[in-house]
Every structure is written in C-alpha cells, then in structure tokens.
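One-letter residues, chain by chain:
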Amino acid sequence: MKSIEKFLGSFDGETAVLVKSLLAADQAHLFEHWDHPDATDRERKAFLDQLREVNRGYPGGLVKYIENARRLLAEAKAGVNPFEGFVPEQPDVVDLSDFRDRYHRMEALGMEAFDRTAVVLVAGGLGERLGYDGIKLGIPVEVLEETSYLEHYARCLLAMEARMSRPKPVPFVIMTSKDTHDRTVKALKENDWYGLAPGQVHLLKQGLVPAIADNDAHLAMEGPFSLQLKPHGHGDVHMLLHTHGVAAKLQEEGIEYLTFIQDTNGQVFNVLPAAVGVSIDQNYDFNSVAVNRVPGEAVGGLARLVKGDRQMTLNVEYNQLDPLLKSTISPEGDVAGENGYSLFPGNINVLVVRNEPYVRILKETEGIIAEFVNPKYADAARNHFKKPTRLETLMQDLPKLFTGGQRVGVSVFARSWCFSPNKNRLEDAAEKHEAGGPPESAATAESDFYAAGRLRLEKAGTELRVAKEALIRGVPYTDGPRVVLRPDFAMTLAEVDEKITGGSLAGSATLIVEGRGVRLDEVHLADGAALVIHAHPGAEVTVRGVLKAAGGFVREDLTDVDYADPSVPAVLKMRGYRYRKQGVAELCFNQPGVYEVDLEEIDG
Ligand code: UTP
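Residues numbered from 1 in each chain as written. Predicted model: local features only at pLDDT ≥ 70, side-chain atom pairs only at ≥ 80, totals over all residues. Heavy atoms only, no water.

Asks: Just checking my understanding: could you explain the overall build of the chain for this structure?
Replies: Tallying secondary structure elements over the chain gives 19 helices and 33 strands in all. Dimensions of the chain along its principal axes, counting C-alpha atoms only, are 90 × 55 × 50 Å. In the chain, which comprises 604 residues, the share counted as buried stands at 55%. Sequence separation of 24 or more characterises 71% of the internal contacts of the chain that already satisfy a separation of 6 or more. If you sum the accessible surface of the chain, you get close to 25700 Å²; carbon and sulfur atoms cover 49% of it. Taken as two groups, the 67 positive and 88 negative side-chain charges of the chain have centres that lie 3 Å from each other. (Helix = DSSP H or I, 4+ residues; strand = E, 2+ residues; numbered from the N terminus. Buried < 20%, exposed > 50% of the residue type's maximum accessible area, 1.4 Å probe, protein only. Contact = heavy atoms within 4.5 Å. Areas by Shrake-Rupley, 256 points an atom, 1.4 Å probe, with all protein chains shown as cover. Lys, Arg positive; Asp, Glu negative; His and termini not counted. Charge placed at Lys NZ, Arg CZ, Asp CG, Glu CD.)

Asks: Explain the side chain of R163 to me, please; I cannot follow it from the model alone.
Replies: Its location among the elements puts R163 in the loop between helix 6 (149-162) and strand 6 (172-177). At 3.4 Å, the side chain of R163 forms a polar contact with the backbone oxygen of P487. Not counting chain neighbours up to four residues away, the residues in contact with R163 comprise M111, F114, P487, D488, F489, A490, M491, E495, K499 and R516. (Polar contact = N/O pair within 3.5 Å; in protein donor to acceptor, adjacent residues only side chain to side chain.)

Asks: Please clarify how the side chain of D334 should be interpreted in this entry.
Replies: When you line up the elements, D334 lands in the loop between helix 11 (318-326) and strand 16 (346-354). Given the relative accessible area of 9%, D334 is considered buried. A polar atom in the side chain of D334 sits 2.9 Å from the side chain of S342. Contacts of D334, omitting those with residues within four sequence positions, involve R293, P295, G296, L321, D322, L325, S342 and F344.

Asks: In this structure, what is going on with the environment of L305? I would like to understand it.
Replies: Of note, L305 is situated in strand 14 (residues 301-307). Taking C-alpha positions, L305 is 40 Å from M221, a pair spaced 84 residues apart along the chain. Leave out the neighbours within four places in its chain, and L305 touches F83, F86, V87, P88, R310, Q311, M312, L314, V316 and L324.

Asks: Looking at this model, I keep getting lost on the nonpolar core. Mind explaining?
Replies: Inside soluble globular proteins, nonpolar side chains tend to come together where they are buried. Core analysis: the biggest nonpolar cluster contains 82 residues, and Y103, Y153, F172, F269 and F413 have the highest contact counts within it. Apart from the residues lying within four places of it in its own chain, the contact partners of Y103 are L96, N270, V271, A274, F413, W417 and L493. Counting residues in hydrophobic clusters, the runner-up holds 36 residues, among them L18, I368, Y377 and F385. (Core = buried A, V, L, I, M, F, W, Y, C linked by side-chain atoms within 4.5 Å.)

Asks: How do you make sense of the environment of N292 when you look at a structure like this?
Replies: Structurally, N292 can be placed in the loop between strand 13 (286-291) and strand 14. The class of N292 is buried, set by a relative accessible area of 17%. Separated by 95 residues in sequence, N292 and K387 place their C-alpha atoms 37 Å apart. Dropping the residues within four chain positions of it, N292 is found in contact with D95, S97, N339, Y341, V412 and R415.

Asks: Is there a simple way to think about the pairing of strand 14 in this case?
Replies: Remark: a regular strand shows side chains that alternate across the two faces of the sheet. By the criterion of burial, strand 14 is predominantly enclosed, with 6 of the 7 residues buried. One ladder, built from 3 bridges, connects strand 1 (residues 87-89) with strand 14; its direction is antiparallel. When the sheet's bridge partners are listed, E89 is paired in strand 14 with R304. Summarising the sheet, strand 14 and strand 15 (residues 310-316) pair through 7 bridges and their orientation is antiparallel. Looking at the pairing, L302 lines up with N315 of strand 15. In textbook terms, the turn of a hairpin is the stretch between consecutive antiparallel strands, and for strand 14 and strand 15 this stretch comprises 2 residues, one of which, G308, has a positive phi near 60°. (Pairing = 2+ DSSP bridges.)

Asks: How should I be thinking about helix 5 (residues 101-112) in this particular structure?
Replies: For an α-helix, the turn length of 3.6 residues means that residues three or four places apart are oriented alike. The terminal C-alpha atoms of helix 5, which comprises 12 residues, lie 17 Å apart, in line with the 16 Å expected from a rise of 1.5 Å per residue. The complete set of buried residues in helix 5 reads Y103, M106, E107 and G110. For helix 5, the angular spread of the buried residues around the axis is 105°, confining them to a single face. What points out from helix 5, more than 90 degrees from its buried face, is the exposed set D101, R105 and E112. The secondary structure elements touched by the buried residues of helix 5 are helix 10 (268-282), helix 13 (415-418) and helix 16 (493-499). (Expected span 1.5 Å × (residues − 1). Arc of directions from axis to C-beta.)

Asks: Help me understand the site of the ligand in this model?
Replies: Among the 16 residues in the neighbourhood of the ligand, the closest are listed as V122, E128, K136, Q206 and D263. Between the ligand and A123, the relevant distance is 3.5 Å, taken from an oxygen atom to a main-chain nitrogen or oxygen of the residue. In this structure, G125 approaches the ligand through a main-chain N or O atom, which is 2.9 Å from an oxygen atom. Burial of the ligand by the surrounding chains reaches 83%, relative to a free accessible area of 560 Å². In the shell around the ligand, the residues fall into 4 nonpolar, 7 polar and 5 charged. (Near = heavy atom within 4 Å. Nonpolar A, V, L, I, M, F, W, Y, C, P; charged D, E, K, R; others polar.)

Asks: Got a minute to help me understand unusual backbone geometry in this structure?
Replies: What is expected of a backbone is that most residues other than glycine have negative phi and most peptide bonds are trans. In this chain, G480 is followed by P481 through a cis amide linkage whose omega measures 0°. Along the chain, P481 turns up in the loop between strand 22 (475-478) and strand 23 (482-485). The phi angle at F99 is positive, at roughly 60°, despite the residue not being glycine. Along the polypeptide, F99 turns up in the loop between strand 2 (93-95) and helix 5.

Asks: Help me understand the pattern of salt bridges, please; the structure alone is not making it clear to me.
Replies: Opposite charge on two side chains makes pairing possible when the charged atoms of those side chains draw close. Within the structure shown, the criterion is met by 42 salt bridges. A salt bridge links R44 to D41, with the nearest nitrogen and oxygen atoms 2.7 Å apart. Within this pair, R44 and its partner D41 are both found in helix 3 (residues 41-57), separated by 3 residues, close to a single helical turn. A relative accessible area of 11% means that R44 is categorised as buried. Assessed through its relative accessible area of 59%, D41 is described here as exposed. Where salt bridges share partners, they join D12, K45, D49 and R52 into one cluster. (Salt bridge = Lys/Arg side-chain N within 4 Å of Asp/Glu carboxyl O.)

Asks: For this particular structure, what's the right way to read the packing of helix 5 against helix 10?
Replies: Each packed pair of helices is defined by two parameters, the angle between the axes and the distance between the axes. In contact at an axis separation of 6 Å, helix 5 and helix 10 are set at 85° when each is read in the N-to-C sense. By the angle between their axes, helix 5 is roughly perpendicular relative to helix 10. Of helix 10, the residues touching helix 5 (which contributes R102, Y103, M106, E107, L109 and G110) are N270, V271, P273, A274, V276, G277, V278, I280, D281 and Q282. When the residues that make up the contact of helix 5 with helix 10 are grouped by side-chain class, the tally is 9 nonpolar, 4 polar and 3 charged. (Axes fitted to C-alpha atoms, helices over the stretch in contact; angles between N-to-C directions. Parallel < 35°, antiparallel > 145°, perpendicular 65-115°, else oblique.)

Asks: Teacher, can you tell me more about the environment of N355 here?
Replies: Counting through the fold element by element, N355 comes out in helix 12 (residues 355-365). A relative accessible area of 0% places N355 in the buried class. Between the C-alpha atoms of N355 and H36, which are 319 residues apart in sequence, the distance is 52 Å.

Asks: I'm lost on the sheet that holds strand 26 (residues 510-514) in this one. Help?
Replies: Paired through backbone hydrogen bonds, the strands of a sheet run either parallel or antiparallel to each other. Taken in spatial order, the 4 strands of this open sheet run 23-26-28-32, and their pairing is parallel. The open sheet is flanked by strand 23 and strand 32 (585-589), the only strands paired with a single partner. Strand after strand, the sheet turns through a mean of 5° between neighbouring axes, direction not considered. Here strand 26 pairs with strand 28 (residues 530-535) via 5 bridges, running parallel. Bridge pairing links T510 to A530 in strand 28.

What follows is the structure, encoded as structure tokens:
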C-alpha cells in the first residue's frame, strides 16, 4: 500500500481522488504490484485508465459500487427472501389476445400517440446461445428480401412518423455494448441509417462492471494491472437513459411514452400501437406486454405482490413463483384459472413506460434499478465464491421502483403475434422443440413473421390455405403462404382491413407489399405464385385479379454439403433452408401517380 501512496502526488486530481477512495474502501490489493521491479509505466497507465473508465461508468463511482455490493452480498449470505411477507395476487390485466373490438380501439388510441412515443432497443447482448459471429440486429428476420431486424425496426419507426398528423422523427434509443457498438454503428452508416435521420438515433453504449471476489466486495483482478470486468445486464438501459440525460431530454421534447424492445423480436411492432393504447386508456405508468402462460411454464410470471399497504406488480421468475404461491395463497402452487392459463401472465420483456414518473424515479435512484447479486458459493457457510461474481440489473425489474402509487399493469396479447425471438442455435432449438418448449430460433422467428402477415390478411377477409408445418432439422416451420405486409403499408389491423378486400392465397404463395398507397382488391395467388409490390410514397396503386403459378419462391432445405460449405451464409445455416426465386411478379412504382393493375395482364 505504501508504494502507491508514493505516487499519489504525480497523479492528476481525478485519479488521486479515485485511488485514495479505493484505498479507503479496503481495495489496497488492487495496487499490490504497483512497485514491482518488472512493472512498466505503460501497464500502470493502462490500469489507471481502466479504473477511471469504470469509475465514470457507474453512478456514484466505484466506491458506490463496492458499497452496494457489500449490502447485497450480506443479504445474499443471510438468505434474505425479497418476497418475504408478500402475498401474490393476479395483476391488473387487459387481455387483447382475442383481437376483439377493444383491440382495435387500443390500436387507434396508440396510433394517435405516435408523436409522443419513443422506442428504446436493448441490443448489447452477446447472443451466446445463438452462437452467431455478427450482431443479432444484422440477422435477417426473413430471407425472401433479407430484411435485417435493424432495418425492420427502422421501417416501423418511419411508418409511425408517416402516420402522425404533423410528422416528426420517432426518437430511437439503441443500447449497445463493447461487443455490439461498432458493428451497429457500421450497419447504420453503411445503410444510410435505413432512412432514419441520424439525429433521431441515440446510441448508448453500456460498459462492464468489476467482478467481485468475496463477501467484502474486494474487486477481482485479471492480472497484476487489470480489473476483471463482467456485464451488468440489460437493466443498464435505465442507468444510461439517466446518466446521458436522454430520458429527461425526451420528456422536454414532449415524449410521454418509452417503449422498450429487444434485438430479435420481429413481432413486437404488431402490438406496440395497441400496447401504448392500453397505457393511455388505463392510465398505466408501467405496462408489461405479456402472453398467456401455462402453469409451470419456464417464463417469468407477472404478479402483484402485496404486503400491508405496500404493493408492486413485477416479474417473478417461474422457479420462485410456485414456492411463493404454495407458501401463501395456493397449496397447489401455480394452477390454471378458468381460461386454462396461469393467473400470472408470462413476461416477454416488452415494456411501455410513462416517461414522467420514469424520469423522476431515475433521478431518485441515479438510474440504478433493483440491482441484485447471485454468487455461486463454494461452501455451506457462504463465505467463499466458486468464481468472482458481480452486481446485475434487469430491465424488467423497473416496476420494483414504481411503488409510490403509480399504476402498473399488464397487456396480454396472442403469443406468436407479439413475441417470437431468434435466440437459439438450430441444434438447441430442435432439442427445445423435442422437449415441448418454444424453439425461439431463426426458422421459427421467420415462420411467425409470415404467420403475422397471414393473420392480418385473414382479419381482412382473405382466404388462406395454410401449408402443413414441416420439421427442418428438428425445428418446426410453416412454409406459407408467406405474407409480408411492410409497416409503411399498414401499422394496424384496421389499416389492413381498409386496404385489402377479399382475395385468396394458396399454401406456397408469397405476397410482399410495400407502400402506403397500395390496395388489394380481390387478389388471388395460386400455389407457386409470388407477388411483390414496391410503391413509393405518392403512388396510389390498386391491384386486382388472379396470379397463376410462375415458380415463386421455392424453399430448399440445406444439405450436409451446404453445412460443410463455408460460402453458405451463417444466417441460412441457422435456419436450415434457403429460398430460390423462380418467377416472381414484381411491381415497382417509383413515381407518384394513380395506377391500376390487373394481374391477369402481367401473368407469366
Ligand atoms: P437475451 O436474453 O437475448 O441475452 O437478452 P443475450 O445476452 O443477448 O443472449 P445470450 O443469453 O448470450 O444468448 C435480451 C435482450 O437484452 C439485450 C439483448 O441484446 C437482447 O435484446 N441485452 C442483454 C443487452 O442489451 N445487454 C446485456 O447486457 C444483455
């Protein structure tokens, strides 16, 4: 310790204060090699740079982190049950899974608030389960036109803007990390920001936090001159929205709702308008988008927990929910209610948060939201860890702080209509399917993306002959009809209903529609027919008639030879198939004007 003290005078003010505060916080071991004869000035400088960076990245700095860690580690050691004394109840739920009238009212209400809504995308995750080299946002959600998740989300934001009475860009906050930041920026720049204004995108890069070696919160070292660092979790998004002043700035700009979404959920914008509508209608300060959950299913359950006059509605992990219910209101644990589902809907981490209370809570907490620690102990007395741990934070734990009379509720939507992420590599997805769970893979995400298009058509009265589900390398996939209604064509079910009349699609037909002014009037697509319409703004296009088969998009399953071939893209290998384009009717309207197309005339 003495050795570092000798150097303090040569440090700049910030560094000297930091080092002194670390010494006072019983972290002298960080500097035990400082004076070693082999130590170089470069190593010392790099270490101080790292300490300063980590210190700046955490509200209150490293000392605050150490203090928080000591408190949470003491609670973990004592086995404190955070739900002690709380009784679970069904939360306030608005169930829109049946698409009845209320659904349409909520969509209309949400759409009116597009100019007061921002989108926050958490995209800092490594995606270890998917095992993909690139960023998840760059993976195509569909491979007919190869739209990446990032492009799809950007198109949704542009479509929201186009539906405002006085259009203005929808703020788009993207949280990245060391692993994803550069490649996210590169994708945006290389693609001209996908049509977004660069100024509407706020990139917030999450940092790492120090690993902790023991119950006294001694920080763990990776080498003599380097802290071991670990991810803090997606709850960092709240901290960054606070520390960068973004949430407060958006509030000043009139943004009333922040909608939080994940990196690979191509379904999320199907429900965001209605979810925002529910928040407005119910005056919810915090609204979790959720799905009906079968009791015992391995998905966090949303519950209201009540203790005296305290209550909070939050996500309870499924393995904690059952014992909590058994020890309180239900000796049988988590059982089905009248509708066959658990009383506690499944959390999918899509959140609608009212910005006014949010900004206030961020200020009060400095953006540190419900941190927890989960050390793996090496001994029964809980004195030693198997490996260093760290503090963590999850974005869905935010309502733990919405306990001051704020309104917290849940909006339930049909499952694959609101949630179908791409999280698992193909082999693991097949195993999950075999075990009866959701595969959550590239193929199921694409299959559900088309199914969402079909659902829209069906609601508009189009007849569909849906193909049988196939298993591709053990993962279920429904090949068609493949329907992609781009967000600029329609953001709500009501818009689809207004623009599409009747018609029919056979099992292996494909329909892709882009363009606000397109209308389909009794369009019939035969098996093996593919119709792709791209219409620029101002092009008013009415299409009608029968399109016969000309090949269309033909699915080819990848063979073992393809898997051995390094030139076959990983984004196809994660699916198990590719599409060959063999005769597609493509209608492009690049100029404003009024167009009428009879498909019989372009046939072949
Ligand atoms: P996931 O549960 O999909 O985790 O995160 P992951 O880290 O991306 O993937 P695995 O577990 O390594 O396979 C849910 C969302 O939270 C984001 C992800 O990018 C995804 O949108 N996330 C996760 C962050 O932004 N930061 C994190 O530290 C972790």
